[in-house]
Amino acid sequence: MKAAAFAYSRPASLDEACALLTADDGARVIAGGQTLVPLMAMRLARPTRLVDIARMPGLAYVREDGDAIAIGATTSQRAAEHHPLVHAMLPLLARALPFVGHTATRARGTIGGSLANADAAAEIALVAVTLGATLTYRDGEQTADIAAAEFFLGPMVTALAPSAVVTGVRFPIWRERVGVGFQEINARKSDFAFVSAAAQVSLAPDGTCVRIAIGVGAATEVPLRLAMAEEALVGTRLTADAVRPAVGDALAEVTPMADLHASADYRRRVARSLAIRAVMEACEDAKAVGKASAPAHTQARGQNRIGAVAHADGAANAILPTLRVNGQTHPIDVEPRTTLLDCLRDKLGLLGAHAGCEHGVCGACTVLVDGVAVRSCLMFAVQADGHAITTIEGLTPAPGELSVLQDAFCETHGLQCGYCTPAMILAAHALLAGNPSPTRDEIVDAISGNICRCTGYAQIVEAVALAAERLRGANRPVALRGSPFGRAPQDDGVQ
Amino acid sequence: MSAPHRFRFVSSDRRVREDRRFVAGKGRFAADIALPGTRHVAVVTCPHPAARIVAIDKSAALAKPGVHYVLDGAELAAATLPLMSGLDTPGALRRPLAVDVARYAGEWVAAVVADSRALAEDAAEAVAVEYETLPFVLDGEEAYKPGSPLVHAAHGSNVLLDRSFVWGDVDQDFAGSPHHLKLTVKWGRSSTVPVETFGVLAAWDPWREVLDVYASIQMPKYPDQIAAALKIPGSSVRVHHDVDVGGSYGVKRGIKHTVLVGYLTRRLGFPVRLIEDRLENMRGGDAHGPERNFDVEVAFDGRGVIRSMRMRALDNVGAYAGRSPFQLGKPVSAIVGPYRIKSVAYRAIAVMSNKTVQEAVRAFGQSPTNYAIERTIEEVANCLGLDRLEVRRRNLIRHEEFPYLIPSGSTYDSGDYHAVIDKVLARADYDKLVAERDRLRAEGLLAGIGISACLEPSGGNSSFEPLLNPKNATTTWMDSCRISIDLGGAITAAMHTTSSGQGHETMVGTVVGEVLEVDPERVRVIRPDSIASLPSNSPVGSRMAIMLGGAAFHAAEALKARLVAIGAHDLGIPLARAVYRDGDVVDRTAPEKRRTWAELVAIAHRHFHRLPPGFEPGLSVSHIMQVPTGGTLPTADGRVQMYPCYAFEFHLLLVVIDPDLGKPEIRRYVVGHDCGTVINPKIVRGMTLGGIAHGIGAALYEEFAYDAQGQMVAQSFMDYLLPSAHEVPEIDLVEHETPSPHTVFGQKGSGESGYLGAPAAIASGVNDALRPLGITVNSLPMKAARLGDLIAAAMEKP
């Protein structure tokens, strides 16, 4: 499962990017690549050239911009998920982002990339349509805006020409106190939704609905806004008796999709029931916000671990043929199509990262990129230069010596065949680096992107909890606690 | 463990020595091994479910950069013998690459060898194969009917196996029973799907005439089969047993891959490697497991006591005969489950179709059969309006009835099923659990309690082979261990197979340490290659604790006996007066008179003049162990002892379904497990919990689904859904210990535990949840959206 050969460019500016895209019909933009790379690995996508905009200056930001929250296209989903402005002003997106893939794919996947990819089940697209977001794009010389409702034409089809680059998106801010609801059903929590539903409401002090937005995703080829239901519900108290028929009528004429996992009938029924639930959840949320002394959404949820969104990398254009792994810099000489995983294994002899599926689902290839768990099969080696990469070999303190976390896996026997183990330990390491006292649910979530077929996970969860406990109990200088797992951190960048 | 420790190291909660290398990323898996000059294989696959191969044009592929060779099926078939089939089916031969006809979408048609895997994939796309499509059949029952398209024309039908057995007076028992009941249940096509695909590297050394094989393999007689197919002596095939295997649970059979690369390396003169990618693995590797329809009929009395059962099992084994038809044979060893059913009629049918070939999957067909038995007993309870637990209790074999002979000829060794159930009910607080289910129902949710009581036959006495193929008179299923003490006194134990996560090195160390009364950490455990190995049957059939543990025990005992004899002779005392104590030999009447470990070792290695007469020098003992209770052929009416040991598991869970969504959510899961004496609690616990997770997958998520055109649609991990940490609930494990009389410490097997009963228990829970709607689901997997559709249809009914 290796991508077909392609050329790789990392333009310094949008002008340059647009020129590359115009010159070559087969060229495609890549930012995070979390959807594109698996398609390339299966050779279902065969771009002749990848135009990498991930580090282009000025495209990674979250800021308040008039009546909107503006998010740059290359802002990672993870950065947005943890951004205080998103929590405070864009609670619906904050609620939806944890449903996007896994922690490890959100680390690389971008807001703009998800929108431009236009998957029918994408949560970010649903939020954009529901809230009436506006996308900004660049096509050749021209910069223009397009409403989200007009942007999505079908599954993986947008209104933009292949030469265009999405540069950002503006989600309107509702200044009044709002409540949000987000509902999703899928086979497994991180799978593509069978159906998802989003709602945002604002209520008058007496509880009547002043404003409401309702959207349904994954049921149809593009995200659906239930404008008819919204009209019917403004001015009501959003009782179940009001919401049910309004949503039902709005979905009456819809033709849902069917696939291997869910029938059209299922999607039709569940779209209705999740949309109702999302509205009721938003309504309850709005009432709770009203009661609280401050809007709940402005309260920090967990630690905000993202200092800056933009990359520190200044020389964005320079493709340095070097890879910084475990503190050492290696010259690399690989084809652009070589994944980071294959490069680590075949060129650097770092065999602790394993290939399991090579399409980004099993997590056996997980490494740390700038301290964050990332799938190395979903990243080409040429995209990785300048980042600090840590593999399992970099966590092991010395030959024959184990870190506290590694030792905890031995103590609980949090493994059997050992194939998924290095990746599992790296995912757990990334968790503990930011959260010294994780709950069981947080541990489960942190390792949920890593499939283990042997253990049933219980002894892995126990290992991570044991390591956390031992690390908390360790009498270590505060300064070293950021990296208590082995050797000192090798300038792991954003932690 | 609540029982007092009878052992020094066995049963104590010791670490697993293998873990150290894995947590450091220092496992040595097949893909980690690269010999200088290694070239890489990618395969060309057939896009059609059935097609004649008209022509293969290799020219464009050979013109690509870095390409060394394109191999087709005709060339390979001319140089090699077909792969071994357990049945005698000369008209349905299996080869690594299709010859003339391809029989499933994804079947390998040609293989490309290039400098890198990426270049090999580039060239594989350029191999132009002209096909003429043929009629095909996907459904097992359709394929069984006369007139169906034939998967192998030369075989004359699609039926590989169709055997009927009657054990006891079934007709009379049916006639004498007041109640009868019939049901059909289906086990969907799923498998174990390890995270590591199969991989193999082969290198032929023409100067030494040895084929070195590094593979992620779990297969009995693997070197012999490679040698036979390649027509070289077994002594020319050197399989390296020290390759770590990244999970298998039965499927890593890899014989066709190995014959392919074995031929290529001999033909081309450089090392050749094939590491399946996930698509190759899912579509055409040794990936799939049972797909089985059961028709069950039982006769029972008014108290729900089952007297007799008729079972027809039809398995759709895919396009070729691998070992899969035998997966209908293992369940003969526990055909009545843990229940006292007096007579059984069993019909086993293996039928071919245009789907991917099946291979051995964890529990080798027993888990589907357990599911069918458990569904049946629940229907008996429902039919009579009796409590499902009470009906089970009435039918379960009682503790005092062991050893218990079942109608099909196996004698269950030991068990205390009622005690295990009582423990689980107490742990789960069963009355509260029922109250919680009822509370959830009152809230408008669908809620159900899932129950299953299942057996794990263990020990790998595979007498289903002679049972299903009378031309095969195999009754030997040995395993072996060699232990040596060097002249420095260090102990080395050799095992003779690969492992895929079962912790065999830890087990051997523990057993040898126990017997020789030394710290197990002092026992080095090695894995000689296959040429240097004693006979082994590899870790299949939950056999290694019994067989490798047994062989290590007996070898260590023999070694200890030699040390005692050397010590007694050197002390000049009768053998009966010498006792072994922590490595020394002591005169029991005068404890100050002793020979230390170092002295005994020195005598054995250096002082021949002090050895007892007739003793061979040095300290090295091998033991090759035959499986306990094994060694007899089936009787004419098809009764045979299979599997020496029978572990028991009892699952109890609470499942909740939101009726609007249909997605089952497991809220509480308690399992009781009795595999006799546990050698390493960490390992056994992990296997059981992992088996349950695998069972959750088979029950709710995993299926190799095909569309009507014969294309497998669940061929990536986006559509074949493996449970993640989110999908596996916390599981409360209750241990119980009923030792087996047949094994050295009382241990039974546990490599398949959890998986034996989890699918049945989840099906039980879902069906209990659905009962108020009048729906029964009798097929696995029970996928969320499909359940949602069934629930909606039931609720819309007036």
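Residues numbered from 1 in each chain as written. Chains lettered and ligands numbered in written order. Predicted model: local features only at pLDDT ≥ 70, side-chain atom pairs only at ≥ 80, totals over all residues.

> Can you lay out the overall build of chain A for me, pointing to particular residues and giving the numbers?
Each helix and strand in chain A was counted, giving 18 helices and 19 strands. Within chain A, contacts between residues separated by at least 24 positions form 67% of all contacts whose residues are at least 6 apart in sequence. (Helix = DSSP H or I, 4+ residues; strand = E, 2+ residues; numbered from the N terminus. Contact = placed C-beta atoms within 7 Å.)

> Please provide a residue-by-residue account of the nonpolar core, values included.
In this structure, Ala275 and Val279 of chain A together with Val112 of chain B are the most contacted members of the largest nonpolar core, which totals 433 residues. In contact with valine 112 of chain B, other than residues within four places in its own chain, are Val41, Ala42, Val44, Ala61, Val67, Val70, Ala120, Ala123, Ala124 and Val127 of chain B. (Core = buried A, V, L, I, M, F, W, Y, C linked by C-beta atoms within 7 Å. Buried ≥ 20, exposed ≤ 12 C-beta atoms within 10 Å, placed from the backbone.)

> Explain the sheet that holds strand E23 (residues 584–587) of chain B to me, using residue names and the numbers behind them.
Residues and elements named next belong to chain B. With antiparallel pairing, three strands are arranged side by side in an open sheet as E22-E23-E24. Only two strands of the sheet have a single neighbouring strand rather than two, namely strand E22 (578–581) and strand E24 (590–595). The mean angle between the axes of side-by-side strands here comes to 40°, regardless of whether they run parallel or antiparallel. As paired elements, E23 and E24 share three bridges and run antiparallel to each other. Across the sheet, the residue bridging to valine 586 is arginine 594, located in E24. Along the sheet, helix H16 (residues 544–571) contacts E22, E23 and E24; its crossing angle with E22, the most-contacted strand, is approximately 130°. (Pairing = 2+ DSSP bridges. Axes fitted to C-alpha atoms, helices over the stretch in contact; angles between N-to-C directions.)

> Could you give an account of the interface of chain B and chain A, naming the residues involved and the relevant values?
Contacts between chain B and chain A engage 62 residues on the former and 61 residues on the latter. Only helix H1 (19–23), helix H4 (117–126), helix H9 (278–284), helix H18 (681–701) and helix H20 (784–796) of chain B provide two or more residues apiece to the side of chain B that touches chain A. Sorting elements by how many residues they give to the side of chain B that touches chain A places H18 of chain B first, with eight residues. Of the residues assigned to the side of chain B that touches chain A, the class counts are 31 nonpolar, 12 polar and 19 charged. (Nonpolar A, V, L, I, M, F, W, Y, C, P; charged D, E, K, R; others polar.)

> Outline the pairing of strand E7 (residues 142–147) of chain A, supporting the account with residue identities and numerical values.
Residues and elements named next belong to chain A. Here E7 lies mainly on the outside; zero of its six residues are buried. Sheet analysis places strand E6 (residues 134–139) next to E7, joined by six bridges and oriented antiparallel. Across the sheet, residue leucine 135 finds its bridge partner in E7, namely isoleucine 146. Between E6 and E7, which pair antiparallel and follow one another directly, the connecting turn spans two residues, one of which, glycine 140, has a positive phi of 60°.

> Describe in detail helix H15 (residues 504–516) of chain B, supporting the description with residues and values.
Residues and elements named next belong to chain B. Across its 13 residues, H15 extends 18 Å between first and last C-alpha, which sits within 8% of the 18 Å expected from 1.5 Å per residue. Within H15, 12 of the 13 residues are buried, which leaves it mostly tucked inside the rest of the structure. Considered for burial, the residues of H15 that qualify are His504, Thr506, Met507, Val508, Gly509, Thr510, Val511, Val512, Gly513, Glu514, Val515 and Leu516. For H15, the secondary structure elements touched by its buried residues are strand E19 (479–485), strand E20 (491–494), strand E21 (523–526), H16 and H18. Directly after H15, the chain includes glutamate 517, whose backbone phi takes a positive value near 60°. (Expected span 1.5 Å × (residues − 1).)

> Explain the packing of helix H15 (residues 404–412) of chain A against helix H18 (residues 458–473) of chain A to me, using residue names and the numbers behind them.
Residues and elements named next belong to chain A. Contact geometry of H15 with H18 gives a least axis separation of 8 Å together with a crossing angle of 135°. Here H15 is positioned oblique relative to H18, judged by the angle of their axes. Handedness of the crossing formed by H15 with H18: right-handed. Contacts between H15 and H18 involve Val404, Leu405, Ala408, Phe409, Glu411 and Thr412 from the first element and Gln459, Glu462, Ala463, Leu466, Ala467, Arg470 and Leu471 from the second. Looking at the contact of H15 with H18, its residues break down into eight nonpolar, two polar and three charged. (Parallel < 35°, antiparallel > 145°, perpendicular 65-115°, else oblique. Left-handed = near helix turned anticlockwise from the far one by under 90°.)

> Give me the lowdown on the confidence of the model for chain A, citing residues and values where you can.
Per-chain confidence: chain A averages 90 in pLDDT, with 89% of residues scoring 70 or above. Considering only residues more than four positions removed or in separate chains, one finds that residues 479–495 of chain A, a stretch of pLDDT under 50, has 39 contacts. (pLDDT = per-residue confidence, 0-100.)

> Explain the pairing of strand E8 (residues 179–187) of chain B residue by residue, including any values.
Residue and element names in this part refer to chain B. With nine bridges connecting them, E8 and strand E13 (residues 292–300) associate as antiparallel partners. Bridged to histidine 179 within E13 is phenylalanine 300. Summarising the sheet, E8 and strand E29 (residues 779–780) pair through two bridges and their orientation is parallel. Bridge pairing links lysine 186 to serine 779 in E29.

> For the environment of proline 659 of chain B, give the residues involved together with the corresponding values.
Topologically, proline 659 of chain B is positioned in the loop between strand E26 (645–657) and strand E27 (664–674). In sequence terms proline 659 of chain B and aspartate 789 of chain B are 130 residues apart; their C-alpha atoms lie 9.7 Å from each other.

> Explain the sheet that holds strand E2 (residues 27–30) of chain A to me, using residue names and the numbers behind them.
All names here are of chain A. The strand order across the open sheet formed by three strands is E1-E3-E2, and the pairing between neighbours is parallel. Single-partner strands in this sheet number two, and they are strand E1 (7–9) and E2. Averaged over all neighbouring strand pairs, the angle between strand axes comes to 25°, with direction disregarded. Looking at chain direction, E1 and strand E3 (residues 49–52) are connected through three bridges and run parallel. Paired with alanine 7 across the strands is arginine 49, a residue of E3. Sitting on the sheet, helix H1 (residues 14–23) is in contact with E1, E2 and E3, with an inclination near 165° to E3.

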